[in-house]
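Residues per chain, in single letters:
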Amino acid sequence: MSEPILTCSGVRKGYRSGYPIIRNFSCSMPSGKIIGLLGPNGCGKSTLMKLLGGILIPDSGEICVCGEKRSELTNSFVSYLPEKNSFSSGMRVEQIIKLFSDFYADFDESLARTMLSDLDIRTHVRMRALSKGAKEKVQLVMVMSRRARLYLLDEPLAGVDPAAREYILNTVFKNLSDDATVIVTTHLIQEIEPVLNEVYFIGFGGRILLSGDVDEIRREREKSIHELFKEVFRCSRS
């Protein structure tokens, strides 16, 4: 069995208030999987994604990517999609492609251009001229056009129209390299459930309420992940 692509041991993160957003989070996630990180608003999912992506530093605990302690080196293995669009409104899509091509050695420019064309996004257009959904498509295409080992996608489908969601789920997610892992947060559980291999239900403080193989969970609980999510989080508020 191959080593985990990601391990966390006793990870904790708090902010100025002193209240820990993430408390003692531990996990071991395998390579070659699409993993859902699911939970209610405010449970710490986005904070956890920033910790995994190297945007934030934990107050305590350890994060390892590809068997190495998180560092500048391991950050290069990770392609991170934040919840909010991070590109300047004055940039043209073409400039963003060049930026990624110059900055990331693993960026596949041909793949990016193909996906942008498939999604009907023209590269000469400035970001400010695009709709909210189109801006999110551009950012997702850039992130998924890297040949990374670990993709961290924070609400990648929230502003995307249904037709584009289908393309993303059936084309982008299903054509990853065999050793790449995707960790995705989303509230669109019904739509993403068909592509998930594993799932983590995250309660407040980053507490893991349920985790495991999606098919096994559905078989044992006799419920879809969407139905189980509603049941777990109707009963758990802490």
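This write-up is about the structure you can find in this document. Starting afresh in each chain, residues are numbered from 1 along the sequence in its written order. Residue-level local features of this predicted model are given only where pLDDT is at least 70; pairs of side-chain atoms are given and counted only at 80 or more, and the full residue set underlies all totals for whole chains, interfaces and linings. The side-chain values count all of the structure's non-hydrogen atoms but skip hydrogen atoms and water molecules.

**A few points about helix 5 (residues 132-144)**
Under the convention used in this document: Numbering of helices and strands runs from the N terminus; a helix is a DSSP stretch of H or I covering at least four residues, while a strand is a stretch of E covering at least two. Given a helix with a known number of residues, its expected span is that number minus one, times 1.5 Å. Note on exposure labels: buried denotes an accessible area under 20% of the residue type's maximum, exposed denotes more than 50%, and partly exposed covers the range between, all computed with a 1.4 Å probe on protein chains only. Any pair of residues with heavy atoms lying within 4.5 Å of one another is described as a contacting pair.
Counted at 1.5 Å a residue, the expected span for helix 5 with its 13 residues is 18 Å, and the 18 Å between its end C-alpha atoms agrees. Burial of helix 5 is extensive: eleven of the 13 residues sit out of reach of the surface. Listing the buried residues of helix 5 in full gives Gly133, Ala134, Glu136, Lys137, Val138, Gln139, Leu140, Val141, Met142, Val143 and Met144. Looking at the packing, one finds that the buried side of helix 5 touches strand 6 (78-81), helix 3 (93-103), helix 4 (109-118), strand 7 (150-154) and helix 6 (162-172).

**Brief notes about the layout of surface pockets**
Counted only if it meets this: In this analysis the probe radius is 1.4 Å and the grid spacing 1 Å, with only protein atoms considered; a cavity is a set of points the probe fits into but cannot get out of, a pocket is an open set with protein on both sides within 12 Å along at least five of seven lines, and lining residues have an atom within 4 Å of a point. Grid points are joined across faces, edges and corners, and a volume is the space filled by probe spheres set on the points. Residue type decides the class: Asp, Glu, Lys and Arg count as charged, Ala, Val, Leu, Ile, Met, Phe, Trp, Tyr, Cys and Pro as nonpolar, and the leftover types, Gly among them, as polar.
Of the pockets and cavities examined, the largest pocket occupies roughly 480 Å³. As for the largest pocket, its lining consists of 20 residues, and the residues nearest its centre are Val78, Tyr80, Phe103, Tyr104 and Arg146. Broken down by secondary-structure element, the contributors of at least two residues to the lining of the largest pocket are helix 2 (72-75), strand 6, helix 3 and helix 5. In the lining of the largest pocket, the residues fall into eleven nonpolar, six polar and three charged. The wall of the second largest pocket is formed by 15 residues, among which Leu111, Met144, Arg147, Asn175 and Leu176 lie closest to the centre. Looking at the lining of the second largest pocket, the elements that each hand over two or more residues are helix 4 and helix 6.

**Quick look at the packing of aromatic side chains**
Aromatic rings in a pair are described by how distant their centres are and how their planes are angled relative to each other. Heads up, the condition is: Centre distance within 6.5 Å is the pairing criterion for rings of Phe, Tyr and Trp, where only the six-membered ring of Trp is used; planes under 30 degrees apart are then read as stacked, over 60 as edge-to-face, and the remainder as tilted.
Inspection of the entire model under this criterion finds seven aromatic pairs. Between the aromatic rings of Phe87 and Phe100, the centroid separation amounts to 6.0 Å while the plane-to-plane angle is 80 degrees, which identifies the pairing as edge-to-face. One end of the pair, Phe87, is in the loop between strand 6 and helix 3; the other, Phe100, is in helix 3, and 13 residues separate them in sequence. Assessed through its relative accessible area of 15%, Phe87 is described here as buried. On the basis of an interplanar angle of 55 degrees and a centroid distance of 5.6 Å, the ring pair of Phe100 and Phe107 is categorised as tilted. Of the residues examined, Phe100 reaches a relative accessible area of 10% and is grouped as buried. Pairwise contacts between aromatic rings join Phe87, Phe100, Phe103, Tyr104 and Phe107 into one cluster.

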